[in-house]
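# Geometric and topological summary
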Amino acid sequence: MAKMKKKESQWETATNERLAEAGFRRGGARAAVVALLDEQSCALSAYEIEELLAARERAVGRASIYRILEQLDELGVVSKVELGQAQARYEPIRPDHHHHHLVCDKCGAVIAFDDAPLERAVDSISKRVDFAVEGHEIVLHGLCADCR
Ligand SMILES: [Zn+2]
Ligand SMILES: [Zn+2]
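These notes cover the structure that comes with them. Here the structure is a predicted model, which means the values were calculated and not measured. All residue numbers refer to position in the chain's written sequence, counted from 1. Just so you know, chain letters begin at A and ligand numbers begin at 1, following the order they were written in. pLDDT decides what is reported in this predicted model: residues at 70 or higher carry local features, side-chain atom pairs at 80 or more are listed and counted, and totals for whole chains, interfaces and linings draw on all residues regardless. Values shown for side chains rest on all heavy atoms present in the structure; no hydrogens or waters enter the calculation.

### Points about the pairing of strand β4 (residues 100–104)
Threshold: Accessibility here uses a 1.4 Å probe with only protein chains present; expressed as a share of the type maximum, an area under 20% marks a residue as buried, one over 50% as exposed, and anything in between as partly exposed. Secondary structure is summarised from DSSP: a helix means a run of H or I of at least four residues, a strand means a run of E of at least two, and numbering begins at the N terminus for each. When DSSP finds two or more bridges between a pair of strands, those strands are recorded as paired.
Burial analysis of β4 places four of its five residues in the buried class, the great majority of the element. Bridge count between β4 and strand β5 (residues 110–113): four bridges; the pairing is antiparallel. Note that in β5 the partner of histidine 100 across the bridge is phenylalanine 113. Here β4 folds back onto β5 in antiparallel fashion, the turn holding five residues, of which glycine 108 has a positive phi close to 85°. Where β4 and strand β6 (residues 139–142) come together, four bridges link them in parallel fashion. From the neighbouring strand, cysteine 104 faces β6, where its bridge partner is glycine 142.

### As for the packing of helix α2 (residues 28–39) against helix α3 (residues 46–55)
Formally: Only the contacting stretch of a helix is used when fitting its axis, a line to C-alpha atoms as for every element, and angles between N-to-C directions run 0 to 180 degrees. Our angle categories are set so that under 35 degrees counts as roughly parallel, over 145 as roughly antiparallel, 65 to 115 as roughly perpendicular, and the remainder as oblique. Throughout, a contact is declared for two residues whenever any of their heavy atoms are within 4.5 Å. Put simply, Ala, Val, Leu, Ile, Met, Phe, Trp, Tyr, Cys and Pro go in the nonpolar bin, Asp, Glu, Lys and Arg in the charged bin, and everything else, Gly too, in the polar bin.
Two numbers describe how α2 lies on α3: the axes approach to 11 Å, and their chain directions differ by 100°. For the element pair α2 / α3, the angle class is roughly perpendicular. Contacts between α2 and α3 involve Ala32, Val33, Leu36 and Leu37 on the former and, on the latter, Ile49, Leu52 and Leu53. Residues that form the contact of α2 with α3 fall into these classes: seven nonpolar, no polar and no charged.

### Brief notes about the coordination of the zinc ion (ligand 1)
Just so we agree on the cut-off: Each metal's donors comprise the N, O and S atoms found within 2.8 Å of it (within 3.2 Å for Na, K or Ca). Water is not part of the atom list, so some coordination spheres may appear incomplete. The geometry test gives tetrahedral to four donors whose angles all lie between 85 and 135 degrees, gives square planar to four donors and octahedral to six donors whose opposite members are over 155 degrees apart with all other angles between 65 and 115, and gives irregular to the rest.
All of the protein donors around the zinc ion (ligand 1) are Cys42 (SG), Glu91 (OE), His99 (NE2) and His101 (NE2); their distances to the metal are 2.0 to 2.3 Å. The coordination sphere of the zinc ion (ligand 1) comprises four donor atoms, whose angles at the metal cover 96 to 123°; the geometry is tetrahedral. Of note, the donors binding the zinc ion (ligand 1) are all from one chain and are spaced C-x48-E-x7-H-x1-H.

### Looking at the sheet that holds strand β3 (residues 89–92)
Strands sit in the order β1-β3-β2 across an open sheet of three strands; the sheet is antiparallel. One side of each edge strand has no neighbouring strand; the edge strands of this open sheet are β1 (44–45) and β2 (78–81). The pairing of β1 with β3 spans two bridges and is antiparallel. Paired with serine 45 across the two strands is arginine 89, which belongs to β3. Sitting on the sheet, helix α4 (residues 62–74) touches β2 and β3, and the angle it makes with β2 is about 115°.

### Observations regarding the pattern of salt bridges
Stated formally: By definition, a salt bridge exists where a carboxyl oxygen of Asp or Glu is found within 4 Å of a side-chain nitrogen of Lys or Arg.
Applying the stated criterion to the full structure yields four salt bridges. One salt bridge connects aspartate 38 with arginine 94, and the closest N-O pair in it is separated by 3.0 Å. With a gap of 56 residues between them, aspartate 38 in helix α2 and arginine 94 in the loop between β3 and β4 connect regions that are remote in the sequence. Of the residues examined, aspartate 38 reaches a relative accessible area of 9% and is grouped as buried. Taking the relative accessible area as the measure of exposure, arginine 94 reaches 21% and is therefore partly exposed. Residue glutamate 39 pairs with arginine 56 through a salt bridge whose shortest N-O separation is 2.8 Å. Of this pair, glutamate 39 sits in helix α2 while arginine 56 sits in the loop between α3 and α4, placing them 17 residues apart in sequence. Residue classification places arginine 56 among the partly exposed positions, given a relative accessible area of 32%.

The analysis is restricted to geometry; functional conclusions fall outside its scope.
Quick look at the structure:
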């Protein structure tokens, strides 16, 4: 669960700096969304962000959340994760961390996973193909422990 107080992470600090450089005012709804995303181990949808902020009495309207997520995406600090669900999800891009997703096709749960041999396999394919590979996304579909 969300921690109440925490030190700013590298991602949160760098993101707030990027926002300030881009001319955005510090603080406010934008900082609340950045802080919330920073606490997560995986991606959130705009709806989930709205619910979580409202639960801590830091309500931000859905339209503002969408606008903020678009701004963060344009700055290249979050990745937009499309998992074949109605809503896109967003998560911080951290230079030292990279993961993929398991998606429950019944309840919509999204679970992060990482795997070193899988990354090595993707690297090896990237070197072999006549293509400048810049990224990859791997999504495994199925049923989560609760839905099985
Ligand atoms: Zn994730
Ligand atoms: Zn499920």
